[in-house]
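# Fold and geometry: a report
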Amino acid sequence: MTDSPAIPARHLTGRRLVILLAILAGAAIAVALACSLLGEYRLMWSTWQARMLRLTAAAIVGAALASAGVALQGLLRNPLAEPFVLGISSGAGVGVLLGFAAAGWVALPGWATTPLLALIGALLTCLLVYSIAQRHGRLDPFVLLLSGVIVNAFNGAIMLGIFLLVPPRTISSFTMWAMGGISENIAIAETGFMLTCGGAVLAGWAMLLLRGAAFNTLGLGDEVALSTGVSVHRLRMETFVIVAMMTAAAVALAGPIGFVGLIVPHICRLIVGPDHRKLAIVGGFAGAMFLMIADTLCRLAGSWLRIGEVPVGIVTALSGGPFFIFLLRRRFREVSP
Amino acid sequence: MKSVENILLAGDLRFAYRPGQPVLRGVNFSSRAGKLTCILGPNGSGKTTLLRCLMGRLRPDGGEVLLKNKAVRKYSTRELARLLAYVPQFPASAQAFTVHEIVLLGRFAHTGALALTGEKDHAVARAAMVMTDTLRFADRTLDELSGGEAQCAMIARALAQQPKVMLLDEPSSHLDVRNQLAIYRMMQRLAHDWNMAVICVSHDVNLAARFSDRMLLMREGCVLTDGRPEDVIRRDVLAETYDVQIDLIESPDSPVPFIRAR
């Protein structure tokens, strides 16, 4: 080998960052346009508009969940961490359902109520999972996953309880939401709602990108990271809040869609390597494209099979479950050979 | 006059993880640029706790740590990282970074928000890798390296912080004889040639005596002796520190005798 690695190809520079952003943004727009044209033979302007809106929602949700997954995996040094597994999505879900149920008698406008309640639910869940799993500022990875499981079950029970309380005629829209679907009729038609959720995701995404280098350093251990200049404790708090905010926005838009934050970051890591700055960018765009394609496939499948809407959450759960088990088994092999 | 100033100074440090069970009971410590100081003592004597207080990780219950005449806890995390670096006992990286990338992570406190590294950062990282002889496996990841090579990579990463003080926690305790020697030689060069204050927690009395400029023996949270190796390596002192009988073996080519526990 040569003696000097001048600037290796996978090393990030400012110029490479800009090029990466431009390429990925172009790819995402191309995917969105391609997806929007699939389907009926005669495409009306208004149908196309509605589809683009739906694709935008899918992109926001996918970007949020995938980059939140990148951040959680980096922060917790745990390849299985993601918003759905840790119960953050279900916490946000409780908030969203409360928002639906309380729609009549809350003073705030609808577009603010649901995201706000989702955020509160997500933050409370983060706090709960974190305080169960941490001991003297250290997080046990398996206790963390288990507390996620327990909090998920708990939140699920609360959601079922809310189901019981609402009038029967709203149940079908509830069910659709709870399966994780992006439909054209409800929330996303409201501009204020889309802007709130999209803005929250965009802001969170940028904040995660700025913390990418700190996540990289954290991989060397808390003590080394601290001595390298990373305020580990503050980073943890900030990341949990950012992830809660992004998850809340995603869940408010499309319900609890699972495993996007698991599958997409892992595939990205295989392609671009372990740098969390690159992973935050690539993961976000890949998550957006992944969910746009998955949602389009669901839409097409629904109309071909003549069963109406197929919620995209079913597809991600069906593909994500086996993926999770695969990662879990590999992880077990590493821990106990 | 300036060169003899203590860069790191701790007075009457007291610390307890739990009330009523003090781990440090009034430790005095000082360190100068250009000197390798080794902290020794039996398990549980408070060596690692002292190191954590020195690097500002733990807040002492009494006493204060001064780095360049300013309380170490008053520095921001980033400011501190530009003055003081730390090497852990076991090198570990949760991610599959190459050695070169790990060394560049040491530039975190010197770079901007995205930690994008420029020419200067690469030059510093390269110098650190040359010094630690890690350039030849710069493109490999930590788990492809031997324990000794991985520890050298961690020292290179700490060096990339361009610190004035380097703290090492038993950096060679899990390494073979050849690598132990290499690590001690490296620490000595960091002190003498790179003019750093190098502080190392160690269990190997012989290696510490051979390479260090100063030794600090601790027991039960107190400093028993603090001085040059030739003054510290005495039967009575070592017997009191470690609670074992000690034989001293004179060696013709070493100013300090070797020790053997009886």
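What counts, and where the lines are drawn
- Residues numbered from 1 in each chain as written.
- Chains lettered and ligands numbered in written order.
- Predicted model: local features only at pLDDT ≥ 70, side-chain atom pairs only at ≥ 80, totals over all residues.
- Heavy atoms only, no water.
- Salt bridge = Lys/Arg side-chain N within 4 Å of Asp/Glu carboxyl O.
- Helix = DSSP H or I, 4+ residues; strand = E, 2+ residues; numbered from the N terminus.
- Buried < 20%, exposed > 50% of the residue type's maximum accessible area, 1.4 Å probe, protein only.
- Pairing = 2+ DSSP bridges.
- Contact = heavy atoms within 4.5 Å.
- Axes fitted to C-alpha atoms, helices over the stretch in contact; angles between N-to-C directions.
- Buried area = accessible area lost by both parts, 1.4 Å probe.
- Polar contact = N/O pair within 3.5 Å; in protein donor to acceptor, adjacent residues only side chain to side chain.

The full count for this structure, using the stated rule, is 20 salt bridges over all chains. Taking the shortest distance from any N to any O, the salt bridge between B:R52 and A:E223 comes out at 3.0 Å. Residue B:R52 is located in helix α1 (residues 47–54), and its partner A:E223 is located in helix α9 (residues 222–228); the two belong to separate chains. Residue classification places A:E223 among the buried residues on the basis of a relative accessible area of 14%.

Residues and elements named next belong to chain B. Spatially, 4 strands are ordered β2-β1-β4-β5 in an open sheet, and the strand pairing comes out antiparallel. Two strands bound the open sheet, and with one partner strand each, they are β2 (21–32) and β5 (70–71). Here strand β4 (residues 62–67) pairs with β5 via 2 bridges, running antiparallel. By the bridge assignment for β5, L67 is matched with K70. Sheet contacts for α1: β1 (6–18), β2 and β4; angle to β1, the most-contacted strand, approximately 120°.

Residues and elements named next belong to chain B. The strand order across the open sheet formed by 6 strands is β6-β7-β8-β3-β9-β10, and the pairing between neighbours is mixed. The open sheet has two edge strands with one neighbour each: β6 (84–87) and β10 (222–227). On average, adjacent strands in this sheet sit at an angle of 15° to one another, irrespective of strand direction. Bridging between β6 and strand β7 (residues 165–169) involves 4 bridges; their strand directions are parallel. Residue pairing across strands places L84 opposite V165, the latter belonging to β7.

Now for the interface of chain B and chain A. Every contact between the two is made by 37 residues of chain B and, on the other side, 37 residues of chain A. For the chain B and chain A pair, buried surface summed over both sides reaches about 3,000 Å², with 61% attributable to carbon and sulfur atoms. Together, B:Q95, B:F108 and B:L114 form the three largest contributors to the area buried by chain B at its contact with chain A, with a combined 20%. Seen at the junction of chain B and chain A, the total is 2 salt bridges. At the boundary of chain B with chain A, the tally comes to 10 residue pairs in polar contact (both at pLDDT 80 or more). Those elements that place two or more of their residues in the side of chain B that touches chain A are α2 (77–83), β6, α3 (99–105), α4 (119–131) and α5 (147–159) of chain B. When residues in the side of chain B that touches chain A are grouped by element, the largest group, 5 residues, is from α3(B).

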